Amino acid sequence: MAANYKGKYEIVTADDNLPGKVMLYEKPGKECYTNKHWHKNLEIDYIVRGCMWTNLNGEDRDLYNGDYILVNSEAIHQTCGKEPDEPVKYLVVLFSYNYIKSYFPDFDSYYFDVNKNEQVRARVRDLLKAIVFEAENPSEFSKLKTSCAMAQILMNLFTKCRIKREVDPNAAPAEDAPDYITKAINYIKDNYRHRISLEDISSFVGLTPTYFSRYFSACTGKTFKNYLNLVRLENTLIDIQQNGMSETRASLENGFPSVKAFITVFKSVYGCAPSEYVKKYQEEAPISQIHKI
């Protein structure tokens, strides 16, 4: 994780025998503070008593008794008690990403808006109250009851509140976007001569591979792999034209796994073999195919 990423990635482990993690807190507002963070899990924060300030994808909202907020997968969020010394009692329910994926494989393609259906919103509130009751009054079958309530919440969200994600899903705040892309492109420019995997660059930027891939394509109009190949291609061509290198040496020194891979990419971009291009434009700089961002 890059040190200056604006929201810390958080790994959430599930409680035993539950489809996620359930936490009931009661503490002064100043102790409810969390830094900006994100995770793959669905999260619901429910206020039992008191007032909580939340920031979800750059939008501020105050939650009071009985209010709750749904945090979608990969959404950047932050919380704090509204009054530093006033106690806040609140429930945090984190639904396991792996548990969700086992029943809903296409989960990453959707986000969920519980506000679109008032009946569902009320039903989810009742289920959250039931989870609070079991946390406050543990009995022989409390975990089973809690597990059932969590499953019912998911069923309501999945069947009545899901919305297909567009290119830019409900994730990081828009003002952070240039930082991601700038970091990614600078990383490519600094490392294109070496092997760069999707996992490498997404980890450096601070996003999941799936989200980074969508995000990069949306902002540049090219896939990460295509953009990387274009950077390698342009620099290989410079070495051939201006530095007199052979195709084999230039392609290998600029990150291509083989001269064959270089020629394949070259033909797909320029429509001819490298030798034909160099012969025709011997004294000219290569034509850049890369969008400057």
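Residues numbered from 1 in each chain as written. Predicted model: local features only at pLDDT ≥ 70, side-chain atom pairs only at ≥ 80, totals over all residues. Heavy atoms only, no water.

With respect to the pairing of strand E5 (residues 52-56)
Thinking step 1. Counting buried residues along E5, 4 of its 5 residues qualify, which places the element largely inside the surrounding structure.
Thinking step 2. Across 5 bridges, the pairing between E5 and strand E6 (residues 59-63) is antiparallel. Looking at the pairing, Leu56 lines up with Glu59 of E6.
Thinking step 3. Between E5 and E6, which follow one another and run antiparallel, lie 2 residues, and Asn57 among them has a positive phi close to 50 degrees.
Thinking step 4. Where E5 and strand E8 (residues 77-81) come together, 5 bridges link them in antiparallel fashion. The residue of E8 that forms the bridge with Leu56 is His77. (Buried < 20%, exposed > 50% of the residue type's maximum accessible area, 1.4 Å probe, protein only. Helix = DSSP H or I, 4+ residues; strand = E, 2+ residues; numbered from the N terminus. Pairing = 2+ DSSP bridges.)

Some points on the pairing of strand E9 (residues 87-95)
Thinking step 1. Most of E9 sits inside the fold, with 8 of its 9 residues counted as buried.
Thinking step 2. Judged from the 7 bridges that link them, strand E4 (residues 42-49) and E9 form a sheet pairing that is antiparallel. Considered in E9, the bridge of Glu43 is made with Leu94.

Structural notes on helix H5 (residues 198-205)
Thinking step 1. Among the residues making up H5, those that are buried are Ile201, Ser202 and Val205. The buried residues of H5 occupy an angular sector of 95 degrees when the element is viewed end-on, so they sit on one face. (Arc of directions from axis to C-beta.)

Considerations on helix H9 (residues 259-270)
Thinking step 1. With 12 residues, H9 should cover 16 Å at 1.5 Å per step; its first-to-last C-alpha distance of 16 Å lies within 8% of that length.
Thinking step 2. Those residues of H9 that fall on the buried side of the exposure criterion are Phe262, Val265, Phe266 and Tyr270. Considered in projection along H9, the buried side chains sweep an arc of 110 degrees and stay on one side of the axis. Of the exposed residues in H9, those oriented more than 90 degrees away from the buried face are Lys260, Thr264 and Ser268.
Thinking step 3. Those residues of H9 hidden inside the fold are in contact with helix H7 (224-242), helix H8 (247-253) and helix H10 (274-280).
Thinking step 4. A positive backbone phi angle near 75 degrees is found at Gly271, which sits one or two residues after H9. (Expected span 1.5 Å × (residues − 1). Contact = heavy atoms within 4.5 Å.)

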